[in-house]
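Each chain, written out:
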Amino acid sequence: MPLLDVQDLHVSFSMRQGMVRAVDGVSFTLEEGESLGLVGESGCGKTTAALSLLRLLPPNGRIDSGKILYQGRDVLTFTAEELRRFRWKEISIIFQGAMNALNPVQRVGDQIAEAIRLHQPVSEKDAGKQAQALLERVELEGRRVNDYPHEFSGGQRQRVMIAMALACRPRIVIGDEPTTALDVMVQAQIFELVESLRKELGMAMILITHDLSVLGDTCDRAAVMYAGQIVEIGPIETLFQTPCHPYARCLLRSFPRLQGSRSMADSIPGTPPNLIEVPPGCRFHPRCPEVMAICSREQPLLLERGPRHSVACHG
Amino acid sequence: MAPEILRVEELKVHFPLRSSFLQGKSGAVKKVVRAVDGISFSIGEGEVFALVGESGCGKTTTGKAVLDLLEPDCVSGKIEFFGQDLLRMKATEMKQFRRRAQMIFQDPYQSLNPRETVYDIVSEPLAIHRLAKSEADRRERVAASLENAGLKPTEDYLDRYPHELSGGQRQRVAIAAALILEPLFLVADEPVSMLDVSVRADILKLMVSLRDRYRISYLFITHDLALAWVLADHAAIMYLGKIVEVGPAEAVIQKPRHPYSQALVEVMPRSEPRAARPRVILRGEAPNPVQIPSGCRFHPRCPIPLPRCKEDEPALEELESGHRAACWRL
Ligand SMILES: Nc1ncnc2c1ncn2[C@@H]1O[C@H](COP(=O)(O)OP(=O)(O)O)[C@@H](O)[C@H]1O
Ligand SMILES: Nc1ncnc2c1ncn2[C@@H]1O[C@H](COP(=O)(O)OP(=O)(O)O)[C@@H](O)[C@H]1O
Ligand SMILES: [Mg+2]
Ligand SMILES: [Mg+2]
């Protein structure tokens, strides 16, 4: 049994203009200790999918159907008390732009200790000690528990956020674009840190990003999302070497590489559809360089093409 | 070699550190932020010169300095635009310069006034420089500029406000506003780092096509070496206020010689599984430019320091034609 088994998840937001179908039939599994990348252009539903797993959607968002099985039990049937224990202890999230999520007028150590005490029955003193140990785990000096957020650099603040996410030793950590605003060097440091922690603590991970290429350092598998759906999922080697879905290929090409030629790749023509009114058939067909007649009529199913490798494309 | 349009010699930008209690007590100790600490480079006509480095190394400050957008008291050294000394220009010359040299900022969400329409934003530089002969002329120039920036049909955009545009469209509006004065030199400060992947290539291609069409030269500021690789003719790697390596992009990026440049190349994402390459990642972050390390300022983070690196600061030495690096190992 996989640790996490998401089945045909549908999530929508109600808006004045209509229903935004942000996640529209997403299925994937996550094994114990495994690392899965979730990649796609902004607005394709990555954050929504992640928030759904924790049932942390904003008030206008709703999980319409599907199952989220955690160790075989459906998270969607959890009581409030079960949810409280589930979040942070079983699965935690490092938010996008988390660097600004810290309280600017509270010492960092106190913020971590508070998070610990919210979920574990420990004394204030013990929580303080744990906070210090956690900072050291993320390679910051323990004495910095006394510092305020502004005394940390962007990369260091992100380390603090990682410390918080690890506070309750969860089985799964979700990173929602945890390095998007950071330099390449800091990004590499953060990924290296996350990798070593993940190995050591045996955590599974879902890493959300818009840059497929960064997943090579951290992920075993990756899922490419387009307009609320997974269009290709498979081992990271397969996605890098022989991506099948035209969108996955376009996405991979649109980041210039030091190894590649100096000519700039073409960008993907057009824009992603608005998720209130999606195109019929394959959602990518209006932008697809390899479009066929059937693509505008029939929605392709996500079908297995090889071991653990599935693609939703008529081609 | 293309004729030189910009030449920078020993540029320094030292900001006074405000609210330093040290200063208050003794009155004598004056701390400064050495944001740019003696750099030299030149940019040829129609050339893209990339300035690459981690955040805080002084890229934006350099960009602002060469456009004379900083407090004059902070800036020293020499900046020549078409051979004329920027720091000693007369008012009329300065006006010409302001017209010919423009900046495109990183964040199109912040650089555009949310209460102005696209027409207002793009036509404003014309008003400042009193360049439009008539209302009709103004309209025509705005339309031409929008078209040059790839916003077509222009009528669709004129009356829109920034919030009614996508990120890529906003950056195009910023580019249109910069183009309307027919500049010869653009400082592009991380112009695509806030944009989604799918539109980045379009904006970069637009920049290249403008260079080809109007011989515009660019100081292209980026922390992404891959962007420098696809765009730049020459590149400089900056660390803590200094250029540590400079030369043809091909040499600096594909055969970097300075350990810092090598580390930057090393951490670039590569679209390969991790097992494929073991790698070295520099520890820590660049120190604060208030306390610059002695000797080679990179020595505390350098994977291969020599004893003398703590004491003596290396100068840029020519390795091969036009390719220079500052390291005692070379
Ligand atoms: N609170 C919300 N209300 C309405 N629409 C939303 C809300 N949050 C997200 N959306 C929409 O849902 C879609 C998916 O968004 P998101 O999950 O944030 O994408 P990603 O994380 O991939 O950038 C987008 O079209 C977005 O505009
Ligand atoms: N107006 C200013 N006053 C004081 N320090 C400044 C000012 N502008 C920039 N700095 C400092 O100068 C250094 C270089 O900044 P900047 O040029 O913005 O770097 P980059 O663009 O490479 O990220 C940083 O340490 C920054 O904090
Ligand atoms: Mg998101
Ligand atoms: Mg900057």
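Please read all numbers here as calculations on a predicted model, not as lab measurements.

Remarks on the overall build of chain A
So, step 1. Within chain A, the secondary structure is distributed over eight helices and 12 strands.
So, step 2. The C-alpha radius of gyration of chain A comes to 20 Å, within 12% of the 20 Å expected for a compact globule of 315 residues.
So, step 3. Along the three orthogonal principal directions, the C-alpha set of chain A runs to about 65 × 50 × 40 Å.
So, step 4. Burial analysis of chain A (315 residues in total) assigns 57% to the buried set.

Section: the overall build of chain B
So, step 1. Helix and strand content of chain B: 12 helices and 12 strands.
So, step 2. In terms of overall dimensions, chain B is globule-like: its C-alpha atoms have a radius of gyration of 21 Å, near the 20 Å expected for 330 residues.
So, step 3. Taken over the C-alpha atoms alone, chain B extends approximately 70 × 55 × 40 Å along its principal axes.
So, step 4. The long-range share in chain B, meaning contacts at least 24 apart out of those at least 6 apart in sequence, stands at 65%.
So, step 5. For chain B, the accessible area works out to roughly 14,900 Å², and carbon and sulfur atoms hold 50% of it.
So, step 6. With 45 positive and 44 negative side-chain charges, chain B shows a separation of 4 Å between the mean positions of the two kinds.

Remarks on empty space enclosed by the protein
Residues and elements named next belong to chain B.
So, step 1. Scanning the entire structure with this criterion turns up six cavities of 30 Å³ or more.
So, step 2. Its volume calculated, the largest cavity comes out at about 70 Å³.
So, step 3. Lining the largest cavity are H258, P259, C296, F298, H299, C302, I304, P305, C309, C327, W328 and R329.
So, step 4. As a volume, the second largest cavity reaches approximately 40 Å³.

So, helix 5 (residues 154-166) of chain A
Residues and elements named next belong to chain A.
So, step 1. The first and last C-alpha atoms of helix 5 sit 19 Å apart over 13 residues, in line with the 18 Å expected at 1.5 Å per residue.
So, step 2. Counting buried positions along helix 5 gives 12 out of 13 residues, so the element sits mostly inside the fold.
So, step 3. Three or more residues of helix 5 are buried, namely G155, Q156, R157, Q158, R159, V160, M161, I162, A163, M164, A165 and L166.

Here's the deal with the layout of surface pockets
Residues and elements named next belong to chain B.
So, step 1. Looking at the second largest pocket, its volume works out to about 610 Å³.
So, step 2. For the lining of the second largest pocket, the secondary structure elements donating two or more residues are strand 6 (101-104), helix 5 (118-128) and helix 8 (167-179).
So, step 3. Among the residues making up the lining of the second largest pocket, the classes are represented as 14 nonpolar, four polar and three charged.

What to know about the site of ligand 1
All names here are of chain A.
So, step 1. With respect to spatial proximity, 15 residues lie near ligand 1, and among them G43, K46, T47, T48 and N60 are the closest.
So, step 2. In this structure, C44 approaches ligand 1 through a main-chain N or O atom, which is 3.2 Å from an oxygen atom.
So, step 3. G45 places a polar main-chain atom, nitrogen or oxygen, 3.1 Å from an oxygen atom of ligand 1.
So, step 4. Compared with its free state, where it exposes 550 Å², ligand 1 has 70% of that area covered by protein.
So, step 5. Secondary-structure elements contributing two or more residues to the shell around ligand 1 are strand 1 (4-15), strand 2 (18-30) and helix 1 (46-53).
So, step 6. Ranked by residue count, the leading element in the shell around ligand 1 is helix 1, at three residues.
So, step 7. The residue inventory of the shell around ligand 1, partitioned by class, reads seven nonpolar, six polar and two charged.

Let's talk about the environment of M19 of chain A
All names here are of chain A.
So, step 1. Assignment of secondary structure puts M19 in strand 2.
So, step 2. For M19 and R137, which are 118 residues apart along the polypeptide, the C-alpha to C-alpha distance reads 43 Å.
So, step 3. Look past the residues within four positions of M19 in its chain and what remains in contact with it is S12, F13, S14, L275 and I276.

Comments concerning the side chain of R297 of chain B
So, step 1. Note on placement: R297 of chain B falls in the loop between helix 12 (259-266) and strand 11 (317-320).
So, step 2. When neighbours within four sequence positions are excluded, R297 of chain B is seen to be in contact with R34, D37, Y239, L240, K242, I292 and E313 of chain B.

Structural notes on the packing of aromatic side chains
So, step 1. Summed over all chains, the structure comprises 12 aromatic pairs over all chains.
So, step 2. When the ring of Y226 of chain A is compared with that of F284 of chain A, the centres are 5.0 Å apart and the planes differ by 80°; the resulting orientation is edge-to-face. With Y226 of chain A in strand 9 (residues 221-226) and F284 of chain A in the loop between helix 8 (246-253) and strand 11 (303-306), this residue pair connects regions lying 58 residues apart in the sequence. In this structure, Y226 of chain A and F284 of chain A share a single accessibility class: buried.
So, step 3. Summarising the aromatic geometry, the rings of Y260 of chain B and F298 of chain B are spaced 5.3 Å apart at their centres and angled 65° between planes, so their arrangement reads as edge-to-face. Pair noted here: Y260 of chain B is in helix 12 and F298 of chain B is in the loop between helix 12 and strand 11, with a separation of 38 residues, a long-range link.

As for the sheet that holds strand 2 of chain A
Residues and elements named next belong to chain A.
So, step 1. Taking strand neighbours across the sheet as the criterion, the four strands line up as 2-1-4-5 in an open arrangement whose pairing is antiparallel. Looking at which strands have only one partner, the edges of the open sheet turn out to be strand 2 and strand 5 (73-74).
So, step 2. Inspection of the sheet shows strand 1 paired to strand 4 (residues 61-70) by eight bridges, in the antiparallel sense. Across the sheet, residue D5 finds its bridge partner in strand 4, namely L69.
So, step 3. The strands that helix 1 touches are strand 1, strand 2 and strand 4; relative to strand 1, the one it contacts most, it runs at about 115°.

Remarks on the site of ligand 2
Residue and element names in this part refer to chain B.
So, step 1. Lining the immediate environment of ligand 2, one finds F15, V33, A35, E54, S55, G56, C57, G58, K59, T60, T61 and P289.
So, step 2. G58 places a polar main-chain atom, nitrogen or oxygen, 3.0 Å from an oxygen atom of ligand 2.
So, step 3. For ligand 2, the protein covers 64% of the area, taking 560 Å² as the surface of the free molecule.
So, step 4. At the level of elements, strand 2 (32-44) and helix 2 (59-66) are the ones that each hand at least two residues to the shell around ligand 2.
So, step 5. Within the shell around ligand 2, the residues separate by chemical class into five nonpolar, five polar and two charged.

As for the nonpolar core
So, step 1. Judged by nonpolar contacts, the single largest core of 97 residues is most densely connected at L4, F28, L53, I112, I162 and I174 of chain A.
So, step 2. It is helix 5 of chain A that provides the largest number of residues to this core, a total of seven residues.
So, step 3. Residue contributions to this core reach at least three from each of two domains, namely domain 1 (4-90 + 170-311) and domain 2 (98-169) of chain A.
So, step 4. Setting aside its immediate chain neighbours within four residues, L4 of chain A contacts F28, T29, L30, L53, I68, L69, Y70, I172 and I206 of chain A.
So, step 5. Judged by nonpolar contacts, the second largest core, of 73 residues, contains V118, A177, A178 and A235 of chain B.

Some thoughts on the domain arrangement of chain A
Residues and elements named next belong to chain A.
So, step 1. In terms of domain boundaries, chain A breaks down into domain 1 (4-90 + 170-311) and domain 2 (98-169).
So, step 2. The C-alpha-based centres of domain 1 and domain 2 are spaced at 28 Å.
So, step 3. In this assembly, 19 residues from domain 1 lie in contact with 15 residues from domain 2.
So, step 4. Summed over both sides, the interface of domain 1 with domain 2 buries roughly 1,600 Å², with 66% coming from carbon and sulfur.
So, step 5. Summed over the shared surface of domain 1 and domain 2, the result is one salt bridge.
So, step 6. Salt-bridge contacts for E200 lead to R137; the nearest nitrogen and oxygen are separated by 2.8 Å.
So, step 7. Where domain 1 packs against domain 2, one counts three residue pairs in polar contact (both at pLDDT 80 or more).
So, step 8. The element best represented in the side of domain 1 that touches domain 2 is helix 6 (residues 184-201), accounting for eight residues.
So, step 9. Class assignment of the residues belonging to the side of domain 1 that touches domain 2 gives a composition of 13 nonpolar, one polar and five charged.

Rules used in this analysis
Residues numbered from 1 in each chain as written. Chains lettered and ligands numbered in written order. Predicted model: local features only at pLDDT ≥ 70, side-chain atom pairs only at ≥ 80, totals over all residues. Heavy atoms only, no water. Helix = DSSP H or I, 4+ residues; strand = E, 2+ residues; numbered from the N terminus. Rg over C-alpha atoms; globule rule 2.2 N^0.38 Å. Buried < 20%, exposed > 50% of the residue type's maximum accessible area, 1.4 Å probe, protein only. Contact = heavy atoms within 4.5 Å. Areas by Shrake-Rupley, 256 points an atom, 1.4 Å probe, with all protein chains shown as cover. Lys, Arg positive; Asp, Glu negative; His and termini not counted. Charge placed at Lys NZ, Arg CZ, Asp CG, Glu CD. 1 Å grid on protein atoms, 1.4 Å probe; cavity = no way out; pocket = protein on both sides within 12 Å on 5 of 7 lines; lining within 4 Å. Points joined across faces, edges and corners; volume = space filled by probe spheres on them. Expected span 1.5 Å × (residues − 1). Nonpolar A, V, L, I, M, F, W, Y, C, P; charged D, E, K, R; others polar. Near = heavy atom within 4 Å. Polar contact = N/O pair within 3.5 Å; in protein donor to acceptor, adjacent residues only side chain to side chain. Phe/Tyr/Trp six-rings, centres within 6.5 Å; stacked < 30°, edge-to-face > 60°. Pairing = 2+ DSSP bridges. Axes fitted to C-alpha atoms, helices over the stretch in contact; angles between N-to-C directions. Core = buried A, V, L, I, M, F, W, Y, C linked by side-chain atoms within 4.5 Å. Domains from an automatic or database assignment. Buried area = accessible area lost by both parts, 1.4 Å probe. Salt bridge = Lys/Arg side-chain N within 4 Å of Asp/Glu carboxyl O.

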